Amino acid sequence: FSSVFMNASLVGSLMTDFGSPWNPNKTWCEAVPTWHIGPVAVYDPSEVLCAGLGLLIGFLGCYAIATHHSVPSSPSKGMYAATLFTFGCMNVSGMLLFCFLTPNLRWPAVAALAQGVLVLDGTFSSCTGLNFLLCALSDCSVVDFRKAEQRAVIAVLYALICGGFLLASVGLWKKAWVVLYFGLTAGGSMTFVVVSLARMVMSWDWAGIEYLVPAILVGLFGLTTLG
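These numbers come from a predicted model, not from an experiment. (Residues numbered from 1 in each chain as written. Predicted model: local features only at pLDDT ≥ 70, side-chain atom pairs only at ≥ 80, totals over all residues. Heavy atoms only, no water.)

This brings us to helix α6 (residues 176–203). If you check α6, its first and last C-alpha atoms are 38 Å apart, about what 28 residues at 1.5 Å a residue would give, namely 40 Å. Among the residues trailing α6, Trp204 stands out with phi positive, at a value near 55°. (Helix = DSSP H or I, 4+ residues; strand = E, 2+ residues; numbered from the N terminus. Expected span 1.5 Å × (residues − 1).)

Set out below in C-alpha cells:
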C-alpha cells in the first residue's frame, strides 16, 4: 500500500482511474481475496499483520517522542513525532483500503468508501515522505517545528497534497499519483536517509539510526514501483 508492504500490481490496478502510470485496461478493483470471514473477503491476511506492525510503530513511536521527558526539545522533535504519526495513519488507511475494502467492492457502499480512503491513503503516504524531508531539514536547523509560523506552512503543504489527490480523483490532475504518491514519497524518504547517514558518519553519532528503517522501506518501495 502506500506503505512498504503491498504488492505493486495491486496498487497499480487500484489507481488506474486516478491518473496512475499503469495499464489503463486494468480495472481498479482487481484484487484476489485469499481469506474470508463470513461474507467479508480479506486480501492476504499477512498484509494485515504487516500493516498492524506499521501502525504500532507509527503511533507508539509518536507517543513516545511527544510525551517522554528524556527526549529533549529540539527543532526536530516535533517533526519526528509528526512523521511517525502520518506513518501510522498510512498503514491504517492502506490496510483498510487494500486488505478489506478492495476485495469487497461488489457492494456499492464499500466501493464509494474505498475511493475516499484511496485519497486519504495517498495523502498520508505523501505527507510521510514530505515529513521525512522536513526531518532532514530540521536536523540541519533549517526547519524548526517549535515555531508556529512554520507549523502553519507545513499544514498548508498537507492541505495542498490532499487537494492534489482530490483533483486526481475527479480526473483534473493526471500526474498526481506520479508526482505525489511516488515522487514525493520516495524522494523525501531517501533524501532523509542520505542526509542522516552523512550527518552520522561525519559526526560519528548514530543517535536516531532507528528512523532510517521506515524511511528506507518507504523510499525503496516508491522507487521500485516507479521503475
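Within the element layout of this structure, Phe165 appears in helix α5 (residues 148–169). The residues touching Phe165, leaving out its near neighbours within four places in the chain, are Val119, Gly122, Thr123, Ser126, Ala176, Trp177, Leu180 and Tyr181. (Contact = heavy atoms within 4.5 Å.)

In terms of nonpolar packing, the biggest core is built from 38 residues, with Met79, Leu97, Leu134, Ile161, Phe165, Trp177 and Phe192 touching the most fellow members. The dominant element in this core, judged by the number of residues it contributes, is helix α4 (residues 108–139), at 12 residues. Val48, Ala51, Leu55 and Cys99 belong to the second-largest nonpolar core, a separate cluster that totals six residues. (Core = buried A, V, L, I, M, F, W, Y, C linked by side-chain atoms within 4.5 Å. Buried < 20%, exposed > 50% of the residue type's maximum accessible area, 1.4 Å probe, protein only.)

Before going further, it helps to spend a moment on the packing of aromatic side chains. Evaluated as defined, the whole model comprises five aromatic pairs. Between Trp177 and Tyr181, the aromatic rings sit 4.7 Å apart at their centres with planes inclined by 65°, giving edge-to-face as the arrangement. In this pair, Trp177 and Tyr181 are both assigned in helix α6, four residues apart and thus about one turn of the helix distant. The exposure classification of Trp177 matches that of Tyr181, with both residues buried. The rings of Tyr80, Phe132 and Phe192 are connected pair by pair, giving a single aromatic cluster. One cation-aromatic arrangement involves Arg106 over Trp107; the distance from NZ or CZ to the ring centre is 4.3 Å. (Phe/Tyr/Trp six-rings, centres within 6.5 Å; stacked < 30°, edge-to-face > 60°. Lys NZ or Arg CZ within 6 Å of the ring centre and 35° of its normal.)

Right, let's talk about a nonpolar patch on the surface for a bit. Side chains of Leu197, Val201, Trp204, Trp206 and Ile209 sit close together on the surface and give an oily, nonpolar patch of about 510 Å² of accessible area. Summarising the element assignment, Trp204 is placed in the loop between α6 and α7 (212–226). (Patch = residues over 30% accessible without salt bridge, like charges linked within 9 Å, V, L, I, M, F, W, Y side chains within 5 Å. Areas by Shrake-Rupley, 256 points an atom, 1.4 Å probe, with all protein chains shown as cover. Salt bridge = Lys/Arg side-chain N within 4 Å of Asp/Glu carboxyl O.)

Residue-level pLDDT values for the protein chain average 77, and 75% of them are 70 or greater. For the protein chain, the element scoring lowest by mean pLDDT is helix α1 (residues 8–14), at 42; α5 scores highest, at 95. Note that residues 1–31 has pLDDT below 50 and, in this model, 87 contacts with residues that lie over four places away or in other chains. Contacts from residues 222–227, a stretch scored under 50 in pLDDT, to residues over four places away or in other chains number nine contacts. (pLDDT = per-residue confidence, 0-100.)

On the secondary structure map, Cys162 appears in helix α5. For Cys162, the contacting residues outside a window of four places in its chain are Val119 and Thr123.

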